[in-house]
Amino acid sequence: MRDKEKLNRITINHKIQQTMKKIFTLMFLALSLCVFAEQQASGVVVDGNGEPVIGASIQAKGSTQGTISDYDGKFELSVPESVKTLVVSFVGMSTKEVAVGKNLRVVLTENTEVIQEVVVTGYGTVAKGAYAGSAQAVKAEDIEKKNPSDITKALSGEVAGVQVVTSSGQPGTVAGIRIRGIGSISANSSPLYVVDGIPLDAGSISSIDPGDIASTTILKDATATSLYGSRGANGVVLITTKKGSSNGDEGKIEVDVKAGVNMRLLPMHEVVDNPEDYIVLAWQSLYNQERIIKKRPETTAVTNANRGLYGEGGIPTIYNLWNKQGSQLINPYDSRGNVNPTFDYANVQRLATYENMESWYNTLFSNGLKAEATAKISGGNEKLNYYTSFGYLKDEGYYTASDFQRFNTRANINYEAKKWLKGGLNIQYSYATMSNPVQDDNAANNGFLFVNQIPPIYPVYVRDANGNIAIDPNNGGKMYDYGDNGNENIAEEGGRPYSFGLNPAGALEWDKQNTVRHQTVANAFLEFKLYEGLKFTVNAGLQYMNQRANQLTNKYYGDAAGIGRIANAQYNYLAFTSNQLLEYNKTINEH
């Protein structure tokens with residue numbers, strides 16, 4: 001019985017071995033067929049001039065196998081025997097299909113069916129090649145690289161022949177743009193700004209977040225500005241804002257947070273910022289006047305320069321920063337007996353009151369923080385697309401106490417109700433505040449002018465006998481020096497000869513000037529397709545801006561001392577724009 005069971009097991013094992021041999025044989029045959037059922041393809045890819053095309057794609061049609069041409073345009077490729085066609089392509093050239101073979105010569109020609117660039121004009125968009133006027137577009141990517149606070153500053157260096165001039169470092173102020181140069185001495189030379197078809201006041205462009213801009217087109221000639229009449233005489237800046245996608249993808253949410261520092265990279269003009277160096281130069285100027293202009297003898301010129309350095313006709317004695325009289329501060333002669341003035345550091349020391357004088361430059365200027373946060377929601381399909389954004393910007397200026405803050409929101413919706421009817425609505429609101437201390441070129445309190453002209457012997461603050469900054473009795477803060485060294489009884493004749501009664505650092509603390517602006521812009525359109533190539537569009541837009549400018553000039557110091565000033569200016573602007581366009585577009589025999 002046991003022998004029989006053993007025999008059965010041997011028989012079963014033999015059958016299994018025979019079956020496995022058959023399976024392996026079939027697998028080997030299948031692999032052999034896969035290996036041997038291939039064919040070789042080779043050749044060269046050239047252009048219309050017979051030059052080799054490097055990096056052309058050669059793909060087996062209906063298969064994943066492929067290769068690229070080498071430096072000489074040659075290629076070799078093994079493809080399944082079932083493949084009959086190769087697809088050869090290269091960027092900018094027409095794709096070509098050829099039969100599989102050896103020593104092929106594939107000639108690719110330039111692709112003439114390229115995507116046409118379009119130019120946004122006053123009436124819509126036209127192909128760039130068909131546009132006869134002068135226009136240049138600036139892409140959104142180029143604008144975002146500069147991370148500007150407003151679009152005007154981002155246009156600098158982007159368009160040939162267009163000048164962008166920033167006359168103030170105040171955040172929130174728009175730069176001056178000259179498209180056609182200066183057409184008039186007295187009239188305005190600024191271009192017309194048109195945002196999504198709605199003309200806007202140039203000063204309100206800073207309310208638009210550059211991140212919401214899809215493209216900017218600058219129109220230079222009368223052909224493009226005919227829609228806007230004389231308002232476009234200085235050129236037109238057309239701004240198109242972003243819209244949602246129509247490809248049916250899932251809605252997209254973007255959150256972007258940026259932070260940086262506003263600083264001055266180019267140095268200021270070199271000035272004499274050391275009191276001792278300044279005193280030597282002041283003495284030298286008095287000596288030169290006596291010796292060269294008045295023709296006095298050397299000894300007389302030296303004596304008069306010593307006497308005239310401080311006192312009547314010279315520097316006010318209240319600004320003698322040293323422990324010696326003005327006539328004892330300078331060594332007129334060098335070791336050889338020649339007139340070569342130097343400061344007498346060996347015998348003269350700075351008074352304790354003035355040992356640590358503040359720099360006018362460091363008091364008036366400092367690095368400012370720039371922080372920005374935006375959130376964008378967009379999406380859509382063939383029928384409906386939407387784009388919504390929320391943004392906040394805080395931009396502190398390089399000039400102390402200057403800043404600009406903006407909150408803005410935008411909603412852009414487009415809907416195709418029927419094949420012959422579509423419409424859209426675009427609404428933008430912004431709230432902006434600006435703290436703008438005086439920086440005008442002609443202002444006496446202009447800090448940029450002040451730091452380059454005031455001698456370093458005049459301090460920013462008034463100090464007590466111990467060298468500490470004196471306390472101002474009017475507000476309990478630091479007492480600024482307005483040219484009298486804290487002595488109200490000193491008249492202008494006995495005080496600081498430069499800008500007596502003024503101190504731009506004090507003005508930053510005592511005087512206030514700010515602007516608050518609300519702006520709403522809304523525009524809508526309806527587009528009717530009346531016939532093939534014929535459409536009628538109705539556009540309507542509304543802009544409302546409310547701006548309030550406040551100015552406080554203190555009654556204690558400065559040009560309003562004794563009286564004080566308060567100014568409040570209210571500005572309301574309402575504009576309605578509407579246009580109707582009938583457009584017919586038809587191509588006849590590619591003309």
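Residues numbered from 1 in each chain as written. Predicted model: local features only at pLDDT ≥ 70, side-chain atom pairs only at ≥ 80, totals over all residues. Heavy atoms only, no water.

Participant: Is there a simple way to explain the overall build of the chain in this structure?
Facilitator: Counting secondary structure elements, the chain contains nine helices and 26 strands. Sorting the 591 residues of the chain into buried and exposed places 38% on the buried side. For the chain, contacts bridging at least 24 residues in sequence account for 62% of all contacts bridging at least 6. Carbon and sulfur atoms make up 53% of the accessible area of the chain, which totals about 34,100 Å². (Helix = DSSP H or I, 4+ residues; strand = E, 2+ residues; numbered from the N terminus. Buried < 20%, exposed > 50% of the residue type's maximum accessible area, 1.4 Å probe, protein only. Contact = heavy atoms within 4.5 Å. Areas by Shrake-Rupley, 256 points an atom, 1.4 Å probe, with all protein chains shown as cover.)

Participant: Just to check I follow, could you spell out the pairing of strand S19 (residues 339-343) for this structure?
Facilitator: Moving residue by residue along a regular strand, the side chains alternate between the two faces of the sheet. Relative to S19, strand S18 (residues 330-333) is paired through three bridges, and the arrangement is antiparallel. Considered in S19, the bridge of Ile330 is made with Phe343. Counting the residues between successive antiparallel strands, the hairpin from S18 to S19 contains five residues, one of them, Gly337, with a positive phi of roughly 90°. (Pairing = 2+ DSSP bridges.)

Participant: Looking at this structure, I do not really get the sheet that holds strand S5 (residues 85-89). What am I missing?
Facilitator: Hydrogen bonding along the main chain pairs the strands of a sheet, whether they run parallel or antiparallel. Spatial ordering of the open sheet is given by S3-S2-S5-S6, a layout of four strands whose pairing is antiparallel. Strands with a single pairing partner mark the edges of an open sheet, and in this sheet they are strand S3 (66-68) and strand S6 (96-99). Each adjacent strand pair in this sheet contributes to an overall mean axis angle of 20°, direction not counted. Relative to S3, strand S2 (residues 57-60) runs antiparallel, the two being bridged by three bridges. Paired with Ser57 across the two strands is Ile68, which belongs to S3. (Axes fitted to C-alpha atoms, helices over the stretch in contact; angles between N-to-C directions.)

Participant: Any chance you could explain the environment of Asn487 here in plain terms?
Facilitator: Among the structural elements, Asn487 can be located in the loop between helix H8 (447-453) and helix H9 (504-510). Placed 169 residues apart in sequence, Asn487 and Ile318 show a C-alpha to C-alpha distance of 9.7 Å.

Participant: Looking at this model, I keep getting lost on the side chain of Thr152. Mind explaining?
Facilitator: Mapping Thr152 onto the fold places it in helix H3 (residues 151-154). Apart from the residues lying within four places of it in its own chain, the contact partners of Thr152 are Val164, Val174, Ala175, Ile177, Tyr193 and Ile205.

Participant: Please explain the packing of aromatic side chains as it appears in this structure.
Facilitator: Here a ring pair, both rings aromatic, is described through the centre-centre distance and the interplanar angle of the planes. Tallying each qualifying case throughout the model produces 18 aromatic pairs. On the numbers, 4.6 Å between centres and 5° between planes, the contact of Tyr482 with Tyr557 is stacked. Of the two residues, Tyr482 sits in the loop between H8 and H9 while Tyr557 sits in the loop between strand S25 (534-553) and strand S26 (565-584), which places them 75 residues apart along the sequence. Of the two residues, Tyr482 and Tyr557, both sit in the buried class. Put simply, the rings of Tyr361, Phe365, Tyr398, Tyr399 and Phe448 touch in pairs and so form one group of aromatic residues. (Phe/Tyr/Trp six-rings, centres within 6.5 Å; stacked < 30°, edge-to-face > 60°.)

Participant: What's the story with the sheet that holds strand S21 (residues 384-396) in this structure? I'm lost.
Facilitator: Strand order in the open sheet made by the eight strands is S17-S20-S21-S22-S23-S24-S25-S26, with antiparallel pairing throughout. Both edges of this open sheet fall to strand S17 (252-262) and S26, since each of them pairs with a single strand only. Ignoring strand direction, the axes of neighbouring strands in this sheet form an average angle of 5°. Pairing between S17 and strand S20 (residues 368-380): 11 bridges, direction antiparallel. Along S20, the bridge assignment pairs Val255 with Ala375.

Participant: Mind showing me how you'd approach the environment of Asp70 here?
Facilitator: Mapped onto the elements, Asp70 comes out in the loop between S3 and strand S4 (74-80). In the structure, Asp70 is positioned 25 residues away from Val45 in sequence and 9.3 Å away in space, judged by C-alpha atoms. A polar atom in the side chain of Asp70 sits 2.8 Å from the backbone nitrogen of Lys74. (Polar contact = N/O pair within 3.5 Å; in protein donor to acceptor, adjacent residues only side chain to side chain.)

Participant: How should I be thinking about unusual backbone geometry in this particular structure?
Facilitator: Most peptide bonds are trans, and most residues other than glycine sit at a negative phi. Unusually for a residue other than glycine, Lys295 sits at a positive phi of about 60°. As for its placement among the helices and strands, Lys295 is situated in the loop between helix H5 (275-293) and helix H6 (298-308). Despite not being glycine, Ser499 shows a phi value in the positive range, around 50°. Mapped onto the fold, Ser499 is located in the loop between H8 and H9.

Participant: Explain the layout of surface pockets here, please?
Facilitator: Rolled over the atoms, a probe as big as a water molecule pinpoints where empty space is left. Here the second largest pocket defines a volume of roughly 910 Å³. Lining the second largest pocket are 31 residues, with Lys153, Thr166, Gly169, Asn262 and Met263 sitting closest to its centre. Of all the secondary-structure elements, those providing two or more residues to the lining of the second largest pocket are H3, S17 and S21. Broken down by class, the residue content of the lining of the second largest pocket amounts to 11 nonpolar, 13 polar and seven charged. (1 Å grid on protein atoms, 1.4 Å probe; cavity = no way out; pocket = protein on both sides within 12 Å on 5 of 7 lines; lining within 4 Å. Points joined across faces, edges and corners; volume = space filled by probe spheres on them. Nonpolar A, V, L, I, M, F, W, Y, C, P; charged D, E, K, R; others polar.)

Participant: Can you help me understand the environment of Phe450 in this one?
Facilitator: Checked against the element boundaries, Phe450 lands in helix H8. Given the relative accessible area of 1%, Phe450 is considered buried. Separated by 52 residues in the primary sequence, Phe450 and Leu502 place their C-alpha atoms 9.9 Å from one another. In contact with Phe450, other than residues within four places in its own chain, are Trp360, Ala444, Arg496, Tyr498, Ser499, Leu502 and Pro504.

The analysis is restricted to geometry; functional conclusions fall outside its scope.
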